[in-house]
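# A structural walkthrough
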Amino acid sequence: MTETARLEDRWAVFHRWGPYGLLLMSSLMAWVIADALGMGAGELLACGALVVTAVAAELWWGRGARTPPAGPSPAGVRQYAVRWALGFALTWLNPLFAFYAVLGYFSTDLLPRRLRRAGLFATAVTVAGSQAGGLPPDGRTGWAVFGGLLAANSLLVFLFGHFANLEEDRARTQAAAIAELERTNTALQQALDENAALHSQLLVQAREAGVADERRRLAAEIHDTLAQGLTGIIAQLQVAASTPDPDAGRDRLDRALALARESLGEARRSVHNLSPVALADGGLTGALGRAVTEWGERTEVKAEFTVTGTAEPLHDEMAATLLRIAQEALANTARHAGASRVGVTLSYMGDEVTLDIRDDGRGFDPLAVPAHTSSGGFGLDGMRARAERVAGSLTVESEPGGGTAVSARVPLVRHDP
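Residues numbered from 1 in each chain as written. Predicted model: local features only at pLDDT ≥ 70, side-chain atom pairs only at ≥ 80, totals over all residues. Heavy atoms only, no water.

### Thoughts on helix H11 (residues 316-337)
Defined as follows: Segments assigned H or I by DSSP are reported as helices when at least four residues long, segments assigned E as strands when at least two residues long, and all are numbered from the N terminus. Under the convention used throughout, the expected extent of a helix is 1.5 Å for every residue step, that is, one less than its residue count. Only protein chains enter the area calculation, which uses a 1.4 Å probe; residues under 20% of their type maximum are buried, those over 50% are exposed, and those in between are partly exposed.
Spanning 22 residues, H11 covers 30 Å between terminal C-alpha atoms, matching the ideal 32 Å at 1.5 Å per step. With 17 of 22 residues buried, H11 lies mostly within the body of the structure. Positive phi appears at Gly338, one or two residues downstream of H11, with a value of about 65 degrees.

### Remarks on the sheet that holds strand E4 (residues 393-398)
As a reminder, the rule being used: Paired strands, as defined in this entry, are two strands with at least two bridges between them according to DSSP. Between the N-to-C directions of two axes lies an angle of 0 to 180 degrees, each axis being a line fitted to C-alpha atoms and, for a helix, fitted only over the stretch in contact. In what follows, residue pairs with any heavy atoms lying within 4.5 Å of each other are defined as contacts.
Taking strand neighbours across the sheet as the criterion, the five strands line up as E1-E2-E3-E5-E4 in an open arrangement whose pairing is mixed. Lying at the two open borders of the sheet, with one neighbouring strand each, are strand E1 (302-308) and E4. The sheet shows a mean angle of 10 degrees between the axes of neighbouring strands, taken without regard to direction. Alignment of strand E2 (residues 341-349) against strand E3 (residues 352-359), held across eight bridges, turns out to be antiparallel. Bridge pairing in E3 places Gly343 opposite Arg358. Sheet strands touched by helix H10 (residues 283-299): E1, E2 and E3. Its angle to E1, the strand with the most contacts, is close to 165 degrees.

### Some points on the environment of Met25
Locating Met25 in the fold gives a position in helix H1 (residues 3-32). In sequence terms Met25 and Tyr100 are 75 residues apart; their C-alpha atoms lie 8.1 Å from each other.

### What to know about the nonpolar core
Spelled out, the test is: By convention a nonpolar core is built from buried Ala, Val, Leu, Ile, Met, Phe, Trp, Tyr and Cys residues, the set being connected through side-chain atoms within 4.5 Å.
Grouped together as the largest cluster of nonpolar side chains are 34 residues, with contacts concentrated most on Leu284, Leu314, Leu322 and Leu355. For this core, the secondary-structure elements that each account for two or more residues are H10, H11, E2, E3, helix H12 (379-389), E4 and strand E5 (404-411). If one sorts the elements of this core by residue count, H11 sits on top with nine residues. Residue contacts for Leu355: discarding those within four places in its chain leaves Leu288, Leu322, Ile325, Ala326, Val344, Thr345, Leu346, Val406, Ser407 and Ala408. In this structure, Leu23, Met39, Leu90 and Tyr100 belong to the second largest nonpolar core, which totals 14 residues.

Dropping the structure here:
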């Protein structure tokens with residue numbers, strides 16, 4: 001239980017039992033000095049009747065059929081008025097009943113805020129009358145003393161009332177802040193729960209996206225290694241089977257065997273997501289030079305490789321991307337272009353690297369090419385996806401009868417030593 005809650009509980013106990021205690025104490029003290037004050041039998045009887053009435057009223061408010069008012073309300077105004085009237089009448093008969101009348105100072109929460117000053121002043125009248133020796137005051141001196149005491153009591157109660165109002169405002173503001181904080185905490189908890197659910201959903205989606213991306217990567221790698229290697233092997237075996245020269249046939253068989261071994265090694269490296277084995281010796285420039293030379297020998301098409309700018313060691317991912325794009329472009333040229341000459345240019349230009357593959361083949365309409373070729377390859381879309389995966393780009397320029405130019409651009413990200 002908080003300190004505020006404990007304080008409220010203690011005030012509730014006082015409001016419940018305090019009136020009885022103050023009334024009992026006032027009655028005992030008034031009875032003791034009744035003779036000294038010269039109270040007659042009629043005054044004593046009146047006091048007894050008023051005390052009984054006060055007890056009955058307190059029982060009615062606290063334990064009767066009605067629920068006692070818990071704050072400003074018409075019922076609370078009536079309760080305050082009745083309690084003040086009883087206290088004033090008893091104090092008029094015997095000044096010591098002011099101990100009961102002082103209860104009015106603690107009951108102002110029953111009044112609306114606009115009536116609290118009037119209630120405090122009315123209670124101050126009763127208390128000042130008791131302090132002046134009883135009501136009504138005797139002579140001018142008595143009235144003067146009563147006026148001074150009333151002024152002093154009014155000043156004090158108004159000052160304390162002002163502080164009480166400030167405290168009430170502070171408590172109201174604090175309660176509003178606590179309520180707002182609770183609403184904010186509730187909203188925050190809901191947001192956290194939603195974020196947790198969203199986080200779980202994103203993890204599932206990221207896992208699925210990772211699986212899909214890995215499948216695409218493997219498919220592209222298999223296409224660039226096994227599929228192209230098998231295509232080259234088949235071409236060499238076909239030539240070997242149709243040539244009458246045993247030496248030429250043996251040479252073709254040796255090339256087919258070398259292609260098979262190279263394809264097997266590349267397949268293993270692709271599964272483990274390693275860089276192409278061709279990049280291990282001479283980097284990208286050496287790998288491209290060998291790839292262009294071997295492609296020209298296999299296809300018997302004149303192929304030239306050129307490097308411009310200052311060659312720099314590239315990050316493995318960048319180098320592998322450009323090598324795979326070159327291999328795919330050359331494979332497409334061999335299958336579809338019918339070219340007699342091919343030029344491959346690797347250009348180092350400041351903060352980017354450009355790879356250009358040009359041929360003098362039959363050309364095509366780039367807008368009419370399907371996403372996947374009829375032979376099951378990934379074609380232009382696959383090369384473009386490779387470039388975009390490393391923040392690069394790929395453009396294709398071609399027209400029927402006008403040859404083809406494929407240009408890939410990637411950022412120049414240097415190799416990590």
